[in-house]
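Coordinate analysis (summary)
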Amino acid sequence: MQDYVTPSGLIMLGAVATCIVLLIVAIAATTATNKVGWMMVRPGGMHWFSFYGSAALFALIAWVWIFVGSARSDAAFQMRIAFWLAFTFGIGAVYSGLLIRKLRKTALRMRGRQIAYVDSDGREAIQSVDDFTAFRRRWRGDYQLLFNDGTVIALDPYAKNSDEFMGRLFDEPLPEER
């Protein structure tokens, strides 16, 4: 190991690496719901690329910070930047992994005039499209769908089928879905 590698830095990067590994296990353990006849909202390509790409960059830069180092005159500065880059990519991977897991656990889907999902208590819930009252876009970019009974459902605009989902909230269902 290089002389600038500190125990606190190793602990920080180790904690992030542990979170990434635990999220990989949690995502693999969360079964992807596949309901025949339902339009499913699932993690999109951006989610997967962000998760695995950030995790790979985290691992690469952390490896360089721990084992390779730099021989240049400004090596200490370079390695300080490398540490924070690794940490930032690691946090990005953790955030993306949490989004993927949430999307898979929620299992948001639509068929005809029904919206089904798994609520925060782990129970199946169904809402009618006719009870949909409004939506708003939050500061993070995701949508909150509001229903007559006060239910709020989060919809990630980057998820697979999210555009179709929003479009069908305002359109009539396809003939085969009636």
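In short, a report on the structure. (Residues numbered from 1 in each chain as written. Predicted model: local features only at pLDDT ≥ 70, side-chain atom pairs only at ≥ 80, totals over all residues. Heavy atoms only, no water.)

This part takes up unusual backbone geometry. A positive phi is found at Ala107, a non-glycine position, where the angle reads about 50°. Position of Ala107 among the secondary structure elements: in the loop between helix H3 (75-106) and strand E2 (109-111). We note that Asn161 has phi near 75°; this positive angle belongs to a residue other than glycine. Relative to the elements of secondary structure, Asn161 occurs in the loop between strand E7 (152-155) and helix H4 (162-170). Asn161 sits in the partly exposed class, given a relative accessible area of 23%. (Helix = DSSP H or I, 4+ residues; strand = E, 2+ residues; numbered from the N terminus. Buried < 20%, exposed > 50% of the residue type's maximum accessible area, 1.4 Å probe, protein only.)

Time to look at the layout of surface pockets. Computed from the structure, the largest pocket encloses a volume of approximately 620 Å³. Lining the largest pocket are 28 residues, and of these Leu99, Lys102, Leu103, Thr106 and Ala154 lie nearest its centre. The residue makeup of the lining of the largest pocket, split by class, is 15 nonpolar, seven polar and six charged. (1 Å grid on protein atoms, 1.4 Å probe; cavity = no way out; pocket = protein on both sides within 12 Å on 5 of 7 lines; lining within 4 Å. Points joined across faces, edges and corners; volume = space filled by probe spheres on them. Nonpolar A, V, L, I, M, F, W, Y, C, P; charged D, E, K, R; others polar.)

Another point: the packing of aromatic side chains. Following the criterion strictly, the structure yields nine aromatic pairs and no others. Their ring planes at 80° and their centres at 4.9 Å tell us that Phe83 and Trp84 sit as a pair that is edge-to-face. A relative accessible area of 44% places Trp84 in the partly exposed class. Taking 5.6 Å as the distance between ring centres and 75° as the angle between the ring planes, the aromatic pair formed by Phe135 and Tyr143 counts as edge-to-face. Residue class for Tyr143 comes out buried when judged on its relative accessible area of 16%. Among the aromatic residues, those joined into a cluster by ring pairs are Trp65, Phe83, Trp84 and Phe87. Over the aromatic face of Trp38 sits the side chain of Arg109, whose NZ or CZ is 5.5 Å from the ring centroid. (Phe/Tyr/Trp six-rings, centres within 6.5 Å; stacked < 30°, edge-to-face > 60°. Lys NZ or Arg CZ within 6 Å of the ring centre and 35° of its normal.)

Attention now goes to the sheet that holds strand E4 (residues 124-128). Pairing in this open sheet of four strands is antiparallel, and the strands run E1-E2-E3-E4 from one edge to the other. The outermost strands of the open sheet, each flanked by one partner alone, are strand E1 (39-40) and E4. (Pairing = 2+ DSSP bridges.)

All right, on to the packing of helix H1 (residues 7-29) against H3 then. Packed helices, taken two at a time, are described by the angle their axes make and the gap between the axes. Packing of H1 against H3 brings their axes to within 9 Å, and their N-to-C directions diverge by 20°. Taken together, the axes of H1 and H3 lie roughly parallel to each other. The chirality of how H1 crosses H3 is left-handed. For the contact of H1 with H3, the class distribution of residues is 17 nonpolar, three polar and two charged. (Axes fitted to C-alpha atoms, helices over the stretch in contact; angles between N-to-C directions. Parallel < 35°, antiparallel > 145°, perpendicular 65-115°, else oblique. Left-handed = near helix turned anticlockwise from the far one by under 90°.)

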